[in-house]
Amino acid sequence: MNAHDRKTHAVSTIFFAGGGTGGHLFPALAIAEHIRSSRPDAQCVFLCSQRPIDAQILSAAGVKFQPIPAQPFGVRPATLARFIWNWGGAIRDVRAAVARGRKATDSASAAMVAMGGFVAAPAAQAARAERMPLALINLDAVPGKANRWIARRATISLTAADGKCPRAWERIAPIVRASAISDRSPAECRTRLGLDPQAPTLLVTGGSQGAGSINGLMLAMLRDSSDALRGWQVIHQTGAGADPALEEAYRDATVPALVRPFFDSMGLAWRAAELAVSRCGAGAVAEAWANHTPCLFLPYPYHRDEHQRWNAQPLADCGGAVIERDHIEPQANLAHAGATLCKLLSDQSRVRAMAASLAELGPADGAKQAAERILGLLK
């Protein structure tokens with residue numbers, strides 16, 4: 001392409017900043033899918049953390065990404081020191097990535113999309129220095145400190161949750177990546193996963209990194225209350241480094257189970273399941289909503305603002321989910337959340353009614369809405 005062609009065929013670059021967990025990356029990938037569908041010439045570059053999970057997710061997605069040395073903010077001396085020490089370097093790395101991206105594509109315009117969290121904050125500061133339009137995508141019902149800080153600098157602020165978000169933020173639907181939704185029948189999804197196509201199926205997931213207390217609950221249930229799982233089969237995403245005794249416990253209890261640290265295509269898992277036990281990060285809630293999968297939600301127990309509980313509340317309010325406290329200790333969880341799970345496993349008519357309630361919530365098409373608003377920022 002010669003210089004004249006480049007001028008008449010303007011290329012735009014959109015930088016997505018977020019990472020540390022799949023909860024920030026998967027929604028960004030979903031928005032990027034819609035941007036590329038609408039504007040095939042647009043370049044999408046992902047600015048992520050240096051955690052291995054980010055490289056794993058983004059490499060599998062086949063997208064361009066650049067890790068930056070951003071660190072979470074915290075008041076503990078060591079955490080605060082790491083944050084301060086890396087703040088300037090993270091901003092410089094983002095600005096360098098922006099310069100490289102613009103030069104490589106001869107971009108006529110560019111925008112930064114902050115997906116929330118500790119990676120997004122220095123990226124937002126770099127966008128301000130580069131005089132780039134900045135879009136905040138808030139995913140949680142209770143926005144964190146980073147998002148509230150970014151919103152004061154953002155050109156537009158979009159939120160995929162209501163909860164305690166400022167009224168000035170524009171409300172969009174939940175954001176779900178294409179690979180987390182399947183248009184196949186539940187029986188087809190089970191067959192593709194190597195499971196019995198006719199057997200009722202339970203999905204257990206703590207998110208991309210897993211949840212030790214949820215794994216512990218299932219381990220206690222398999223050892224002490226395995227009769228409740230009789231007739232069911234299980235899809236269990238454990239996260240890396242899970243107790244190897246968990247897979248053995250399924251075998252000992254003669255409960256058919258597909259146990260993996262991570263699933264690249266969660267759409268098959270969500271669609272295959274009649275019921276799920278899950279954390280209620282924004283991504284998991286959106287995926288349950290989109291797939292009409294009833295859930296027993298166990299919010300992350302160490303968040304003071306309980307934002308995961310607020311994330312799941314709309315699904316509980318419509319009758320499509322039950323929220324239980326995560327007591328952390330396996331036997332305590334078995335006595336409370338485990339008892340609720342046993343009731344759900346034994347009452348499939350209630351589970352079907354829960355699924356019907358979720359179907360009435362409307363489409364989870366926030367990724368398309370966000371893509372349209374972001375493209376509107378480009379010159």
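Please read these numbers as outputs of a predicted model, since none were measured by experiment.

A. Molecular detail of the state of the cysteines. Applying the stated criterion across every chain, the model contains 0 disulfides. Its sulfur unpaired, C189 is 16 Å from the next cysteine sulfur, which belongs to C295. A relative accessible area of 0% places C189 in the buried class. Of the cysteine sulfurs around C318, a residue in no disulfide, the closest is that of C295, at 11 Å.

B. Representation of the packing of helix α11 (residues 282–291) against helix α12 (residues 307–317) within the structure. Their axes nearest at 9 Å, the elements α11 and α12 cross at an angle of 15 degrees. Taken as axis vectors, α11 and α12 run roughly parallel relative to one another. At the point where α11 passes α12, the crossing takes the left-handed sense. Where α11 abuts α12, its residues A282, V285, A288 and W289 lie against N311, A312 and L315. Looking at side-chain class alone, the contact of α11 with α12 contains 6 nonpolar, 1 polar and no charged residues.

C. Local environment of the confidence of the model for the chain. Confidence in the prediction of the chain, expressed as mean pLDDT, is 91, and 96% of residues score 70 or more. Here residues 1–9 is modelled with pLDDT under 50, and outside its nearest four sequence neighbours on either side it reaches 4 contacts, counting other chains as well.

D. Inspection of helix α14 (residues 337–345) at higher detail. Residues of α14 that are buried: A337, G338, T340, L341, L344 and L345. The buried residues of α14 all sit within an arc of 160 degrees when viewed along its axis, so they share a single face.

E. Representation of the pattern of salt bridges. In the structure shown here, the tally under the stated rule is 8 salt bridges. For E170, the salt bridge is made with R373, and the minimal N-O distance between the two is 2.9 Å. A residue pair is termed long-range when its members are at least 10 positions apart, and E170 in strand β7 (residues 170–171) and R373 in helix α16 (residues 366–375) qualify at 203 residues. According to the relative accessible area criterion, E170 is partly exposed, its value standing at 31%.

Quick notes on the rules
Residues numbered from 1 in each chain as written. Predicted model: local features only at pLDDT ≥ 70, side-chain atom pairs only at ≥ 80, totals over all residues. Heavy atoms only, no water. Disulfide = S-S within 2.5 Å. Buried < 20%, exposed > 50% of the residue type's maximum accessible area, 1.4 Å probe, protein only. Axes fitted to C-alpha atoms, helices over the stretch in contact; angles between N-to-C directions. Helix = DSSP H or I, 4+ residues; strand = E, 2+ residues; numbered from the N terminus. Parallel < 35°, antiparallel > 145°, perpendicular 65-115°, else oblique. Left-handed = near helix turned anticlockwise from the far one by under 90°. Contact = heavy atoms within 4.5 Å. Nonpolar A, V, L, I, M, F, W, Y, C, P; charged D, E, K, R; others polar. pLDDT = per-residue confidence, 0-100. Arc of directions from axis to C-beta. Salt bridge = Lys/Arg side-chain N within 4 Å of Asp/Glu carboxyl O.

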